[in-house]
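Observations on the model geometry
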Amino acid sequence: MCALNRELLKNADEQLARQHVLNQFGDPIKIARQLWFDAMKERMMSQRIITGVSVVMAVCSIAVVGIAWMLMRESQGVNQKMLAQLAVIADRPQADSTVVKSLQRTNEAIVRELKVLAESQKPSQQSAGMGSGFGSSIGGGEGGFGAMAKPAEPSNINQQILKQLEQLNKKSTSQGGSTSEAMNKISFQLMQDNKGKKPAVGFFGTLTKIGTDAFSLNATSNKYGTLDFGKLPWGRYDLSLQSPWNETSRISRFAVIPGRNYVQGIFCPVAAPEEVPVQFQVDWSEKQKSDDLVFICDFRTTYQARGGVTIYEFSSSRKAGDVFWQNDQNDTNSHPREPRGIYLISGNNQVSRCPVDEAGKFIDIDPDTLDEKPSINMFEGDSYQQPVIYLISKQDLKNLSQLNSLKMFDVIDKDRARVFTYNPLNQLQRFGINSGDGLGGFGGSLGRKNKLAFVPSTKILVPFKKKDTSADSANLFDVISRQKMIDGIQLPELLSYSVTKDQPNVWKIKIPDLKLKAIPEGAGFGSFER
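These numbers were taken from a predicted model, which means no experiment stands behind them.

1. What to know about the overall build of the protein chain
Counting its regular elements, the protein chain contains 9 helices and 26 strands. Counting all 530 residues of the protein chain, 38% fall into the buried class. Here the analysis covers contacts within the protein chain between residues at least 6 apart in sequence; of these, 67% occur between residues at least 24 apart.

Below, the structure is given as structure tokens:
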């Protein structure tokens, strides 16, 4: 201001005076800015250095995280390879117990190595290592670079484990060489039972090895009809087959010889069985006929479950080539839920289904409620076997549930020479007589000295005897009712029928004449009398 005042005394023009002062002393604003910059220069450089260091540390941190992530991915890949090899070893069937023990020891060694790997790769250890590295780097020491080198250790461990795994696998391979040579390819060629012999596609098979080293494998036939189970140990096997519509077949105890592949052709049904009308015809003489009698034809099989519970099953079979296929008609998934396998036949050859409860046991029936028809639909099949026929009067249908408690019948044999005790609920006795049960002939001079061999046959039983019958009646029901020592007769053979679409299906039941003099003396029991 002093310089400006002096210039104003010399020159009255203020602008010119100001310009002379600036030219002489310089711009005070620029000078002040320069002085401020000189004063703040050291502090600004310090801030720039700090910012640069922070950027470098951020880049280093990102690099460390990237390296750790790559190492973790590499470790996961190695672990997956080792687990895949373990799965292959575990799923491989073995026939030699020595080889199995060797593989178990191999698996245990691999598991121990995997545990060591898991311990070395805990997230807490990785985060602690990276944290110490960052702290050392920010502090300006050399610890940061040392910490970044640590994540490489799991990779080294993985490589070591892979080498050990390869060595163990080589050892296992050398020990299992003999077993590998004993493995045989087992396959089946399924074909339709027709002229074209087309492949049977979609059939399910279960192969089961028999013995102490038992196991089971499942397979489904492909578009070529091949049911391939791969290479398996030699020995004895069972094969169970199931069609897409639930028919089943079984090949039992076939042998696979060491060093030889096993290939077998199997014929299969072309399509599911169809329902076809079936007529029943009772073949009896004029003097035996009676409209008051009813035949209960029971085609079911039985077996005893735990607790003494009787299980009823009904199935038919048909032949495809040389293979029998079973059709389980109790399967509610394939067939409607309705009584099957037991039918009521009247004297005029009318047929109706016999109602039973959910367990398959008899229930009381009102004769007026029967839905009698000339025929009834049955599934196609080559073999329907009929083990038991109950002969009763129509009025006894109201007491049919009492038949559930009656298990023993005295039956005269087909030669009319012996009387034996028969239990229709026994699985072995239902279709024949088994000498192993100790059933022997008795009556008169025959005594109990001869046992009866297994004879598949049908029995006609009279569970409800009639007290008052005409002495002249030759009807089988009346003849057996008059005899206290017998409750039924054995037919010469087991009645067996077939159902086909190509011809009429008439199932005949021939009722024999039973002469009084053919009945041996003895004691009978097991029937109701009214």
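2. Quick look at empty space enclosed by the protein
If you walk through the whole model with that rule in mind, you get 2 cavities of 30 Å³ or more. Approximately 90 Å³ is the volume found for the largest cavity. A per-class count over the lining of the largest cavity returns 8 nonpolar, 1 polar and 3 charged.

3. Some details on the nonpolar core
Membership of the largest hydrophobic core comes to 38 residues, with the highest contact counts inside it found for Phe280, Phe295, Phe299, Tyr343, Met378, Tyr384 and Trp507. Those elements giving two or more residues to this core turn out to be strand 8 (275-283), strand 9 (293-298), strand 14 (342-346), strand 16 (376-379), strand 18 (388-393), helix 9 (476-482), strand 24 (495-499) and strand 25 (506-510). In this structure Trp507 touches Val278, Gln279, Phe280, Gln281, Phe299, Met378, Tyr384, Tyr497, Ser498 and Val499, once residues within four positions along its chain are discounted. One finds Leu190, Ala200, Ala320 and Val323 within the second-largest nonpolar core, a separate group that totals 23 residues.

4. Let's talk about the pairing of strand 3 (residues 216-220)
Examined bridge by bridge, strand 2 (residues 204-209) and strand 3 share 5 bridges and lie antiparallel to one another. Each residue of the ladder has a partner; that of Leu207, found in strand 3, is Leu217. A loop of 6 residues connects strand 2 with strand 3, the two strands running antiparallel in sequence, and Gly211 in this loop sits at a positive phi of about 130 degrees.

5. Notes on the pattern of salt bridges
Applying the stated rule across the entire model yields 13 salt bridges. With its nearest N and O atoms 3.3 Å apart, the salt bridge here joins Lys289 to Glu286. Taking relative accessible area as the criterion, Glu286 reaches 64% and is therefore assigned exposed. Across the pair Asp415 and Lys414 runs a salt bridge whose closest N-O atoms are separated by 3.7 Å. For Asp415, a relative accessible area of 52% corresponds to the exposed category. When salt bridges that share partners are traced, they join Asp298, Arg300 and Arg430 into one network.

6. Structural notes on the sheet that holds strand 8
Pairing is mixed in the open sheet, where 3 strands are placed in the order 16-8-25. The sheet is open, and its two borders are formed by strand 16 and strand 25, each paired with just one other strand. For this sheet, the mean angle separating the axes of adjacent strands, direction not counted, is 45 degrees. In the sheet, strand 8 pairs with strand 16 via 4 bridges, with the strands oriented antiparallel.

7. With respect to the packing of aromatic side chains
Applying the stated rule across the entire model yields 19 aromatic pairs. Considering the side-chain rings of Phe188 and Phe229, the 6.2 Å spacing of their centres and the 85 degrees angle between planes classify their relative orientation as edge-to-face. Within this pair, whereas Phe188 is found in strand 1 (residues 183-192), its partner Phe229 is found in strand 4 (residues 226-233), the two being separated by 41 residues in sequence. The exposure class of Phe188 is buried, given its relative accessible area of 1%. Centre to centre, the rings of Phe362 and Tyr390 are 5.8 Å apart; their planes meet at 85 degrees, and the pair counts as edge-to-face. Pair noted here: Phe362 is in the loop between strand 15 (351-353) and strand 16 and Tyr390 is in strand 18, with a separation of 28 residues, a long-range link. Tyr390 gets classed as buried once you look at its relative accessible area, which sits at 4%. Taken together, the ring pairs connect Phe280, Phe299, Phe314, Tyr343, Tyr384, Tyr497 and Trp507 into an aromatic cluster. Just above the ring of Tyr237 sits the side chain of Lys209; from NZ or CZ to the centre is 5.9 Å. Taking the ring centre of Phe362 as reference, the NZ or CZ of Arg300 above it sits at 5.9 Å.

Conventions used here
Along each chain, residue indices are assigned from 1 in the same order as the chain's sequence is written. In keeping with the model being predicted, local features are shown solely for residues with a pLDDT of at least 70 and side-chain atom pairs are shown and tallied solely at 80 or more, while totals for entire chains, interfaces and linings include all residues. Excluded from the side-chain calculations are hydrogens and water; all other atoms, namely the structure's heavy atoms, are used. Helix numbering and strand numbering both begin at the N terminus, where a helix is a DSSP run of H or I of at least 4 residues and a strand a DSSP run of E of at least 2. Residue burial is assigned from relative accessible area. The probe radius is 1.4 Å, only protein chains are included, and a residue is buried under 20% of its type maximum, exposed over 50%, and partly exposed in between. Any two residues whose heavy atoms approach within 4.5 Å are treated as being in contact. Cavities and pockets were defined on a 1 Å grid built from protein atoms only: a cavity is a group of points that admits a 1.4 Å probe but offers it no way out, a pocket is an open group of points flanked by protein on both sides within 12 Å along at least five of seven lines, and a lining residue is one with an atom within 4 Å of any such point. Grid points are joined across faces, edges and corners, and a volume is the space filled by probe spheres set on the points. Any residue outside Ala, Val, Leu, Ile, Met, Phe, Trp, Tyr, Cys, Pro, Asp, Glu, Lys and Arg is labelled polar, Gly included; the first ten of those are nonpolar and the last four are charged. We call a set of buried residues a nonpolar core when its members are Ala, Val, Leu, Ile, Met, Phe, Trp, Tyr or Cys and they connect through side-chain atoms within 4.5 Å of each other. A pair of strands is labelled paired if DSSP reports no fewer than 2 bridges between them. Whenever a carboxyl oxygen of Asp or Glu lies within 4 Å of a side-chain nitrogen of Lys or Arg, that contact is scored as a salt bridge. Fitted lines through C-alpha atoms serve as axes, helices being fitted only where they are in contact, and the angles separating the N-to-C directions of these axes extend from 0 to 180 degrees. In this analysis, rings of Phe, Tyr and Trp, with Trp reduced to its six-membered ring, are considered paired at centre separations within 6.5 Å, and the interplanar angle assigns stacked below 30 degrees, edge-to-face beyond 60, and tilted for intermediate values. A ring is scored as having a charge over it whenever the NZ atom of a lysine or the CZ atom of an arginine sits within 6 Å of its centre and within 35 degrees of its normal.

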